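The lines below spell out each chain.
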Amino acid sequence: MKVKNLRPSLLILIGSFIYLVISAIAILIFHFYVMTINILVIIFAPLISGIIVFILFYSLLKIFIQKRLHLIYKSIQTNQDLKPIKGKTIDLLINRVENDVQEWKLNKNKEISKLKEQEEFRREFLGNLAHELKTPVFAVQGYVLTLIEGGIEDQKVNHQFLNRAALATDRIVNILEDLDQINKLEVDSLNIELRSFEITDLIKEIFDSLEIQTKTKNITLRFKRDYSPIQVFADRIKISQVLTNLVYNAIVYGNENGYVDISLTQIDDIVTIEVTDNGIGIEEVNLPRLFERFYRVEKSRNRNEGGSGLGLAIVKHIIESHKQTIKVRSTPGVGSTFSFSLKKSPHNGPVSSRGIPLK
Ligand code: ADP
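What counts, and where the lines are drawn
- Residues numbered from 1 in each chain as written.
- Predicted model: local features only at pLDDT ≥ 70, side-chain atom pairs only at ≥ 80, totals over all residues.
- Heavy atoms only, no water.
- Helix = DSSP H or I, 4+ residues; strand = E, 2+ residues; numbered from the N terminus.
- Buried < 20%, exposed > 50% of the residue type's maximum accessible area, 1.4 Å probe, protein only.
- Salt bridge = Lys/Arg side-chain N within 4 Å of Asp/Glu carboxyl O.
- Expected span 1.5 Å × (residues − 1).
- Contact = heavy atoms within 4.5 Å.
- Axes fitted to C-alpha atoms, helices over the stretch in contact; angles between N-to-C directions.
- Parallel < 35°, antiparallel > 145°, perpendicular 65-115°, else oblique.
- Left-handed = near helix turned anticlockwise from the far one by under 90°.
- Nonpolar A, V, L, I, M, F, W, Y, C, P; charged D, E, K, R; others polar.

1. Brief notes about unusual backbone geometry
Then, in step 1: Of note in this structure, Asn257 is not a glycine but carries a positive phi near 60 degrees.
Then, in step 2: Relative to the elements of secondary structure, Asn257 occurs in the loop between helix H6 (236–252) and strand E4 (259–267).
Then, in step 3: Given the relative accessible area of 56%, Asn257 is considered exposed.
Then, in step 4: Although it is not a glycine, Asp268 sits at a positive phi angle of roughly 50 degrees.
Then, in step 5: One can find Asp268 in the loop between E4 and strand E5 (270–277).
Then, in step 6: On the accessibility criterion, Asp268 (68% relative accessible area) is exposed.

2. Notes on the pattern of salt bridges
Then, in step 1: Under the definition given, this model contains 16 salt bridges.
Then, in step 2: Arg123 is the salt-bridge partner of Glu120, the closest N and O atoms lying 3.5 Å from each other. Highlighted residues: Glu120 and Arg123, both in helix H3 (residues 90–148), separated by 3 residues, approximately one helical turn.
Then, in step 3: In this structure, the salt-bridge partner of Arg329 is Glu274, at a minimum N-O distance of 3.2 Å. Of this pair, Arg329 sits in strand E6 (residues 326–331) while Glu274 is found in strand E5, placing the two residues 55 residues apart along the sequence.
Then, in step 4: By relative accessible area, Arg329 is classed as partly exposed at 47%.
Then, in step 5: In the salt-bridge network here, residues are joined through shared partners; they are Glu119, Glu120, Arg122 and Arg123.

3. Some thoughts on helix H4 (residues 158–187)
Then, in step 1: The end-to-end C-alpha distance of H4, which contains 30 residues, comes to 43 Å, matching closely the 44 Å that a straight helix rising 1.5 Å per residue would cover.
Then, in step 2: All buried positions along H4 are accounted for by Asn158, Phe161, Ala165, Ala168, Arg171, Ile172, Ile175, Asp178, Leu179, Ile182 and Leu185.
Then, in step 3: The inward-facing, buried residues of H4 contact H3, H6 and helix H7 (311–321).

4. Points about the packing of H4 against H7
Then, in step 1: H7 packs onto H4 with a crossing angle of 20 degrees between their chain directions and a minimal axis gap of 10 Å. Comparing their axes, H7 and H4 come out roughly parallel. Crossing handedness for the pair H4 and H7: left-handed. Contacts between H4 and H7 involve Asp178, Gln181, Ile182, Leu185 and Glu186 from the former and Ala313, Ile314, His317 and Ile318 from the latter.
Then, in step 2: Here the residues of the contact of H4 with H7 are counted per class, giving 5 nonpolar, 2 polar and 2 charged.

Without other data, these values stay purely geometric and don't point to any function.
Right under this line is the structure:
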């Protein structure tokens, strides 16, 4: 049996027993060689002193361990209230420490992997941000330099270059505005203004506002106009942003003469809104990372040069701050469907423009 596997109380007991044997031998030597001692003293003196030694050692060691542990716990649990390190026996005390150390190790491992993940995310984020900004910044630089170096006098290109530089600055502004928005969403993700509103009206509004974008590709926006009114309980402005981003993507990544469909399904108190297109679709390997900031399917990088790569990250943030979910299914070459849920309003009658029920 290895000493390190023994419980501390057993070790003290063994120590006390060794003391008992040594003191018995010492008393016997004294009895035989120095002075005759009463038989009861010979038996009981080592026994009683052994018990006293056991109790004394046990208590002193317990106090010592408790004090030392208190100091160790104090330096480890820096930001927690330190519970007194108590245990009825030394064995229970050591057991508790063993469990605490295991738990502490697990927590630290979790913290370390989270920090590593964050570090990786930060690195990727900065790389992506630099990549996204590089193209428009270099474009502006190129046009401006060409104009300075004489292009400004050339009536054939000066306006064209200025317009292109303006487009590139618009792109930079788009990226910065999206970044600002995502930052705000992260800082006060709970700051959503929930109210009842008619989701079918909002969908019609979004379709109207994006109609002009459909023209170049002749894409049809379809929404069954015969849906009976459905009130949802959400932040109207933020959901309008969600729908705009999804429908806009469906147009940008859609095919010529294609369509974008929106459908609604109601189950219990949840309304599911689906935005479907018959565009280029997305390979399955890309689906899990689609909602990450700046994530783009490689092939689509050139397809939407004006996009910031933050649209879906913003969408996910907004839906999650409503405590709802967003999903995507897609087949390359067939099309994609983005679906998200919203809570139905508790009142289903008409509401004022501020979301207050009218009856
Ligand atoms: P952006 O469109 O600005 O690149 P998003 O965050 O809106 O950024 O979208 C991320 C990526 O998801 C896009 O680059 C594109 O690859 C892919 N994607 C989004 N919506 C669709 C869609 N409806 N069809 C195909 N791919 C899509």
